[in-house]
Amino acid sequence: TNTAGTMADTVTVTITAPPAPPPPPPAPPEPVLAKVILKPIGVTLATGTKKQFATYGTTTTGDSVPVPVVFSATGGTVTADGLFTAGQAAGNYRIIATSGALADTSAITISSPLGSGTPTPTTTGIPFGTYDLWAGDTSLEPNTAVFTGGIGSINATNIVARLEVARQNHKRLVLAMTGGSHWNYLTNDVFDLAKWQAKMDTYNTPAIKAAVAAAVADGTIIGNSVMDEPNVSGGGDGNTWGPPGTMTKARVDGLCTYVKNMFPTMLVGVVHNHQTFEPTKSYQVCEFLVDQYSWRKGDVNDFIQAGLDLGRRDGLGIIFSMNILNGGIQAVRDGLWNCPLSTTGGRGTFDPNCRMTAQQVREWGTTLGSAGCAMMMWKYDDAFMANPENAQAFRDVAATLASLPAKSCRAR
């Protein structure tokens, strides 16, 4: 109240209690182990040597934590604390770290010394082979004797027998279970998933599953390619998968998933150049890439570096390849299809492509093969293989690659 003489005025003041403090925030959930990580992800060891593996866990909150694990391994022995000792049998094996329902696996390649480095067929060294020919097919000896690997189409009726032939001849194979003509999987010139799955389903038998698992375990199988050149689009000529956008890396990942569910221990991959098919996107399931070089794709070392960079980015094993029939120095585009023997190996299979020379086979094959986990060529050709200079070039490449340590095509 304010008073001045006989006059006054009054203002009402209300005093309230302070508001109650807000309740404390709920306690954060206890972190839960989400993943077991085993390091290193892959190694190559000589027989009888040792490698220490280590593990840690990651939680649902992203933290790294110690985690108790139980180790198991094939191809050798492993102690309770992760010290692996390689056995005496060369091949591809694995070590597994398990914690409850969680586990992680690393690839182990065991190699044996090769002495002089002669191209004796062996499961050690870097495999070297051709498309469309199964190395170990004695009907094409002696030209095939130099090759220690191959990519070829198979079917459910011959896969078990072919794996056994490859094993007996110490060959390593990239399977193409759904290989062959694109026409096999097209409807109205567009990729038909149902046709592709129907072919894969023919392999889903106990006998084939057992044969594949055994061939993966002993190193005979490098992996299986689910598709050739998914980047090819267009219409009408059969060398297509449909209009642009029909195939994507996400869709190819679906093919890899379908095969992986059927054959969980086998690597799954795809054939295409690293720069030609959605290069800014990544595979999440497919595990290797067959990356083919030809002269028109620029300097071979730049090509290799770009392919390996993509492999590191996406966790892909890289199998390099070269196009011996169409990958040499191209002819002048004058309609005459000139492929002079001074700079090329003669005409390719279509203008203006030319074949590689023996020296190009030797230089590019050695460079590409040394950088990847395997080395392939497109494709087997009787006349090209029978040329003495070319035959010597193949022997030289094979000898060099056989003398190098084997590499796993598993990058993640």
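Whatever comes next refers back to the structure up there.
In this text, all values refer to a predicted model and were calculated from it rather than measured experimentally.

Thresholds, definitions, all that
Residues numbered from 1 in each chain as written. Predicted model: local features only at pLDDT ≥ 70, side-chain atom pairs only at ≥ 80, totals over all residues. Heavy atoms only, no water. Axes fitted to C-alpha atoms, helices over the stretch in contact; angles between N-to-C directions. Helix = DSSP H or I, 4+ residues; strand = E, 2+ residues; numbered from the N terminus. Parallel < 35°, antiparallel > 145°, perpendicular 65-115°, else oblique. Left-handed = near helix turned anticlockwise from the far one by under 90°. Contact = heavy atoms within 4.5 Å. Disulfide = S-S within 2.5 Å. Buried < 20%, exposed > 50% of the residue type's maximum accessible area, 1.4 Å probe, protein only. Pairing = 2+ DSSP bridges.

**Some thoughts on the packing of helix 2 (residues 193-201) against helix 4 (residues 249-262)**
Angle between the axes and distance between the axes are the two parameters that describe a pair of packed helices.
1) Next: Two elements in contact, helix 2 and helix 4, have axes whose closest approach is 11 Å; the angle formed by their N-to-C orientations is 20°. Judged by the inter-axis angle, helix 2 sits roughly parallel to helix 4. Crossing hand, helix 2 versus helix 4: right-handed. Residue-level inspection shows L193, W196, Q197, M200 and D201 of helix 2 in contact with helix 4, the latter providing R251, L255, Y258, V259 and M262.

**Digging into the state of the cysteines**
Here is the idea: a disulfide is a covalent bond, and it sits between the sulfur atoms of two cysteines.
1) Next: Considering all chains together, one arrives at three disulfides under this definition.
2) Next: Paired by a disulfide, C256 and C286 hold their sulfur atoms 2.1 Å apart. On the sign convention where negative is left-handed, the bridge of C256 and C286, at about 105° about the S-S bond, is right-handed. One end of the pair, C256, is in helix 4; the other, C286, is in the loop between strand 19 (268-271) and strand 20 (288-293), with 30 residues separating them in the sequence.
3) Next: What makes C256 buried here is its relative accessible area of 0%.
4) Next: With its sulfur 2.0 Å from that of its partner, C373 forms a disulfide with C409. Between C373 and C409, the S-S dihedral sits near 105°, and the bridge is therefore right-handed. You can see C373 sitting in the loop between helix 6 (358-371) and strand 22 (375-378) and its partner C409 sitting in the segment after helix 8 (388-402), a full 36 residues away along the chain. The pair C373 / C409 is uniform in exposure class, with both members buried.
5) Next: By sequence order of its bonded cysteines, the protein chain has the disulfide arrangement 1-2, 3-4, 5-6.

**Things to note about the side chain of D381**
1) Next: With respect to the element layout, D381 can be found in the loop between strand 22 and helix 7 (382-386).
2) Next: Sequence-distant contacts of D381, that is, excluding residues within four places in its chain, are made with L325 and R355.

**Some thoughts on the sheet that holds strand 9 (residues 76-78)**
1) Next: As summarised here, the arrangement of the three strands in space is 5-10-9, forming an open sheet in which the pairing is antiparallel. At either margin of the open sheet sits one strand with a lone partner, and together these are strand 5 (50-52) and strand 9. Neighbour-to-neighbour, the strand axes of the sheet open up by a mean angle of 15°, direction not taken into account.
2) Next: As defined by bridge partners, strand 9 adjoins strand 10 (residues 83-86) across three bridges and the pair is classed as antiparallel. In the sheet register, T77 faces strand 10, and the bridge partner there is T85.

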